[in-house]
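# A structural walkthrough
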Amino acid sequence: QIKIKNTYALSPEIVQSGTLQDVGINYTLDENGLLTISGTDVIPNDYDGTELEWAQWKNDITSIVIENGITGVGYSSFFEYTNLTKVTLANSVQSIDQSAFANCTSLTEINFPSTMNVIRGGAFSNCTSLESIQLPNGITRLGSGLFRYCTSLTNVIIPNSVEEFSSNVFFGCTSLKSLTLPKNI
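Now for a quick tour of the structure. (Residues numbered from 1 in each chain as written. Predicted model: local features only at pLDDT ≥ 70, side-chain atom pairs only at ≥ 80, totals over all residues. Heavy atoms only, no water.)

## Here we look at the overall build of the protein
Counting secondary structure elements, the protein contains 0 helices and 15 strands. The C-alpha atoms of the protein give 18 Å as radius of gyration, which agrees with the globular expectation for 185 residues (16 Å, within 12%). For the protein, the spread of C-alpha atoms along the three principal axes comes to 60 × 50 × 25 Å. The buried share of the protein, reckoned over its 185 residues, is 42%. (Helix = DSSP H or I, 4+ residues; strand = E, 2+ residues; numbered from the N terminus. Rg over C-alpha atoms; globule rule 2.2 N^0.38 Å. Buried < 20%, exposed > 50% of the residue type's maximum accessible area, 1.4 Å probe, protein only.)

Shown next as structure tokens:
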């Protein structure tokens, strides 16, 4: 007879944590590569890939959860996080800036909140593992080159709320098979 002991799931160990002092944004990175970001501001720009504290561990980060309170993702904040596979954005996130997730070549999944209204140019360019995108109703603007060179992208649904569709949004998306456009474009 097998005797089963009570077991409790242990939370993954936090291996790094900190606060971005100028903006009051907190972060933790666990042993499984999950970066969790909390606070009440926009995640700052990272012009050279070294300005945000967690950038030094970018090769260890496999998923990102941006919690409620964060209102936007800055320019190049997660540029070239090549092992990143999944991004979850809270409902408070309204915008993603230029090149925020560009060159995240392992990214396969991003969950957009219904509150998202702007995604700027090249935000997901060269995310070569991204296969399908369903943009939320409420988004009004798609920036230039938004999904440029997303070579695995096969399916995109763009909601009727989109008013501005910039140039080259899908340039180089060689696998694109299905594109659902709003009636007004």
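Resuming the write-up.
## Description of the sheet that holds strand 9 (residues 109-111)
Taken together, the 6 strands give an open sheet; going across it, the order is 1-2-3-5-7-9, and neighbouring strands pair in mixed fashion. Here the strands that pair on one side only, and so sit at the sheet edges, are strand 1 (14-20) and strand 9. This sheet shows a mean twist of 10° between the axes of neighbouring strands, independent of strand direction. Here strand 3 (residues 34-38) runs beside strand 5 (residues 63-66); their pairing, made up of 4 bridges, is parallel. Note on strand 5: the bridge partner recorded for Ile37 is Ile66. (Pairing = 2+ DSSP bridges. Axes fitted to C-alpha atoms, helices over the stretch in contact; angles between N-to-C directions.)

## Notes on the sheet that holds strand 11 (residues 132-134)
With parallel pairing, the 3 strands of this open sheet are ordered in space as 11-13-15. Looking along the sheet, the strands with just one partner apiece sit at the ends: strand 11 and strand 15 (178-180). In this sheet, neighbouring strand axes are inclined to one another by 5° on average, regardless of whether the strands run parallel or antiparallel. Here 3 bridges tie strand 13 (residues 155-157) to strand 15, and the two strands are oriented parallel to one another. Bridge assignment links Val156 to a residue of strand 15, and that residue is Leu179.

## Digging into unusual backbone geometry
Excluding glycine, residues mostly have negative phi values, and the peptide bonds linking residues are mostly trans. Phi angles above zero are rare outside glycine, and Ser99 is one such case at about 60°. Within the secondary structure layout, Ser99 lies in the loop between strand 8 (95-96) and strand 9. For Asn168, which is not glycine, the phi dihedral falls at a positive 55°. The partly exposed category is assigned to Asn168, whose relative accessible area is 44%.

Everything listed here is a matter of coordinates, which is why it stays silent on function.
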